[in-house]
Amino acid sequence: MNRFPENEPLGYSDTPVLPDSGYTVHDGTRPQPPIVTPGTGNSAPSDAIVLFDGSNLDAWESVKEKGPAQWQLIGDGSMEVVLGTGDIQTHESFGDVQLHLEFYCPPEIKGEGQGRGNSGVFLMGLYEVQVLDNYNNPTYADGTVGGLYGQCPPLVNAIREPGEWNSYDILWECPVFEDGVLTKHARITALLNGVVVHHAKELVGPTTHKELSPTETHRSTGPLKLQDHGDLVRFRDIWIRPLGQIDHLPS
Ligand code: MG
């Protein structure tokens, strides 16, 4: 219901002009924000691209085979890594996004350190946010669950016990290259189980193993990739909201 009386303007026009938008303060002609219906429980908000809801793997492909994704659908609405089939990625590429997904590490304790419940979420197919069963299982800090692998540990370790579901909510800002030169680093804000593990954290460059990250130019968008690291990790409720070009904050 419109809380303003009929024929009354929604706002003001005799107020100062905002320098960034050209609208006035409380401008009555400024476009209304789109209406989005939030999800309930585990469902996606109304404007999200649903990448996985438990019913099929149609949005995904095998990185190794360049064909259909070979991971297994589990009857409970999740999918599970099929060992040896390799990573899977979305057909579609994305730039700046809001991402939600949930993951589950096997309840059977097997292996230690990086060898227990390891997978990963790769933004743009290049930048890994670590998935690992770090419950009573320490490893090197920048390989901890929630970590930007090889670059930056999470602020905290907020993993649940193995056999329980965990959630990631991630805001991703792409790096910017101008004339082949990196002018703006990729930036991430991430929550693991509702707890902030990165806040506007800049990444050096794409994920590497035992090496410094390169800063060469790369594609401006990329698929979302999930890692087969040899453990039976499950995923569910994966949705994404492209954000368009974010007004990058000054560093
Ligand atoms: Mg990993």
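All figures in this text were calculated on a predicted structure; none of them were measured in a lab.

Caption draft 1: Quick peek at the overall build of the protein chain. Assigned secondary structure in the protein chain consists of zero helices and 15 strands. For the protein chain, the residues scored as buried account for 45% of the 251 residues in total. At a minimum sequence separation of 6, the contacts of the protein chain that also span at least 24 residues come to 62%. Accessible surface for the protein chain amounts to roughly 13,400 Å². Of this, 53% is attributable to carbon and sulfur atoms. Taking the average location of the 16 positive side-chain charges in the protein chain and that of its 34 negative ones, the two points are 4 Å from each other.

Caption draft 2: Structural view of the nonpolar core. Of all hydrophobic cores here, the largest spans 43 residues; its most connected members are Trp60, Phe103, Trp172 and Ile238. Looking at which element gives the most residues to this core, the answer is strand 6 (residues 97-104), with four residues.

Caption draft 3: Representation of the state of the cysteines in the model. Under the defined criterion, the tally for this structure stands at zero disulfides. Here cysteine 174 stays free of any disulfide, with the sulfur of cysteine 152 as its closest cysteine sulfur at 19 Å.

Caption draft 4: Quick peek at the coordination of the magnesium ion. Protein-derived coordination of the magnesium ion comes from Asn118 (OD1), Ser119 (O), Glu128 (OE), Gln130 (OE1) and Gln227 (OE1), at a distance range of 2.2 to 2.4 Å. Binding-site remark: the magnesium ion is held by donors from one chain whose sequence spacing is N-S-x8-E-x1-Q-x96-Q. Here glutamine 130, found in strand 8 (residues 127-131), pairs with glutamine 227, found in the loop between strand 14 (222-226) and strand 15 (234-242); they are 97 residues apart in sequence, far enough to count as distant.

Caption draft 5: Local environment of the environment of aspartate 142. Along the polypeptide, aspartate 142 turns up in the loop between strand 8 and strand 9 (165-173). The spacing of aspartate 142 and cysteine 152 is ten residues in sequence and 5.0 Å in space, taken between C-alpha atoms. Excluding its chain neighbours within four sequence positions, the residues that come into contact with aspartate 142 are Leu148, Tyr149, Gly150, Gln151, Cys152 and Pro153.

Caption draft 6: Here's a closer look at the packing of aromatic side chains. Enumeration over the complete set of coordinates arrives at five aromatic pairs. When the ring of phenylalanine 103 is compared with that of tyrosine 168, the centres are 5.3 Å apart and the planes differ by 35°; the resulting orientation is tilted. One end of the pair, phenylalanine 103, is in strand 6; the other, tyrosine 168, is in strand 9, and 65 residues separate them in sequence. When sorted by exposure, phenylalanine 103 lands in the same class as tyrosine 168, which is buried. Over the ring of phenylalanine 122 we find lysine 225, and its NZ or CZ is 4.5 Å from the ring centre.

What counts and how
- Residues numbered from 1 in each chain as written.
- Predicted model: local features only at pLDDT ≥ 70, side-chain atom pairs only at ≥ 80, totals over all residues.
- Heavy atoms only, no water.
- Helix = DSSP H or I, 4+ residues; strand = E, 2+ residues; numbered from the N terminus.
- Buried < 20%, exposed > 50% of the residue type's maximum accessible area, 1.4 Å probe, protein only.
- Contact = heavy atoms within 4.5 Å.
- Areas by Shrake-Rupley, 256 points an atom, 1.4 Å probe, with all protein chains shown as cover.
- Lys, Arg positive; Asp, Glu negative; His and termini not counted.
- Charge placed at Lys NZ, Arg CZ, Asp CG, Glu CD.
- Core = buried A, V, L, I, M, F, W, Y, C linked by side-chain atoms within 4.5 Å.
- Disulfide = S-S within 2.5 Å.
- Donors = N, O, S within 2.8 Å, 3.2 Å for Na, K, Ca; no water.
- Phe/Tyr/Trp six-rings, centres within 6.5 Å; stacked < 30°, edge-to-face > 60°.
- Lys NZ or Arg CZ within 6 Å of the ring centre and 35° of its normal.

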